[in-house]
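Next come the chains, spelled out residue by residue.
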Amino acid sequence: MTTVVGIFLFDDVEVLDFAGPYEVFTTASRVYRKAHPVGPEPFSVVTIAQHEDLVHSRAGLKVSADYTIADHPSIDLLLVPGGVVTAELEKGPVIRWIENTAEQVPLTASVCTGAFLLAAAGLLNGHTATTHWEDMDDLRHAFPAVKVLPGRRWIDQGDVVTSGGISAGIDMSLHLVERIAGRDLALKTARQMEFDWTENG
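Residues numbered from 1 in each chain as written. Predicted model: local features only at pLDDT ≥ 70, side-chain atom pairs only at ≥ 80, totals over all residues. Heavy atoms only, no water.

**Some thoughts on the sheet that holds strand β11 (residues 160–163)**
Here's step 1: Judged by pairing direction, the sheet is mixed, and its seven strands sit side by side in the order β5-β2-β1-β6-β7-β11-β10 without closing on themselves. Each edge of the open sheet carries a strand with a single partner, namely β5 (67–68) and β10 (154–156).
Here's step 2: Bridge count for strand β1 (residues 3–9) against strand β2 (residues 43–49) is seven bridges, and the pairing is parallel. Note that in β2 the partner of Ile7 across the bridge is Thr47. (Pairing = 2+ DSSP bridges. Helix = DSSP H or I, 4+ residues; strand = E, 2+ residues; numbered from the N terminus.)

**Some points on the packing of aromatic side chains**
Here's step 1: For the structure on display, the rule yields four aromatic pairs.
Here's step 2: Between Phe8 and Trp97 the ring centres are 5.3 Å apart and the planes differ by 45°, which places this aromatic pair in the tilted class. Of this pair, Phe8 sits in strand β1 while Trp97 sits in helix α3 (residues 92–104), placing them 89 residues apart in sequence. With respect to burial, Phe8 and Trp97 carry one shared label: buried.
Here's step 3: With centroids separated by 5.2 Å and ring planes inclined at 50°, the aromatic side chains of Phe25 and Phe43 adopt a geometry described as tilted. (Phe/Tyr/Trp six-rings, centres within 6.5 Å; stacked < 30°, edge-to-face > 60°. Buried < 20%, exposed > 50% of the residue type's maximum accessible area, 1.4 Å probe, protein only.)

**Some points on the side chain of Ser110**
Here's step 1: Mapped onto the elements of the fold, Ser110 is located in strand β7 (residues 107–111).
Here's step 2: Classification of Ser110 by relative accessible area gives buried; the value is 0%.
Here's step 3: Setting aside anything within four residues of it in sequence, one finds Ser110 in contact with Val80, Ala115, Leu118, Val161, Thr162, Ser163 and Met172. (Contact = heavy atoms within 4.5 Å.)

Shown next, in the form of structure tokens:
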């Protein structure tokens, strides 16, 4: 069975926050396919934005999402990357979409300041979570119902997983590959990417 990963894109998104996980899940499927040429791949990835317009990343890279929040296919894993999320926090339709989508999927994850968007949607209330080290105090002050924990690359709370900033999103994504498709595939994916997977102690 294929897990469909939906990655949300927005203006001022951090490139590696979405491109890192994208690479992990697509590489995992490519590695899996070498050993299993017949049958479904473990992961399929789509990108989703609020509108059809090009998304302008924080570093200036322009990206065209596959779908909008109004027309995307059914997904199994919602991943919300970080970046400058100030404008997104003020968008009612985006926050409601995150909340509604999270109610329908088995797993929701965030990278870096994407945790602010999950918190705004009420998904982190009563949960332990993490974000980029520079933004932890702001997350605590803005959302006191969230227990913000430093010193972790990612925090897995079952149906919600959050990670630290930028490269930590790759570590978390490898963890999700392990959780969904097994440790062997996660290790082979990290090796294929020549990435030194940093796991939580």
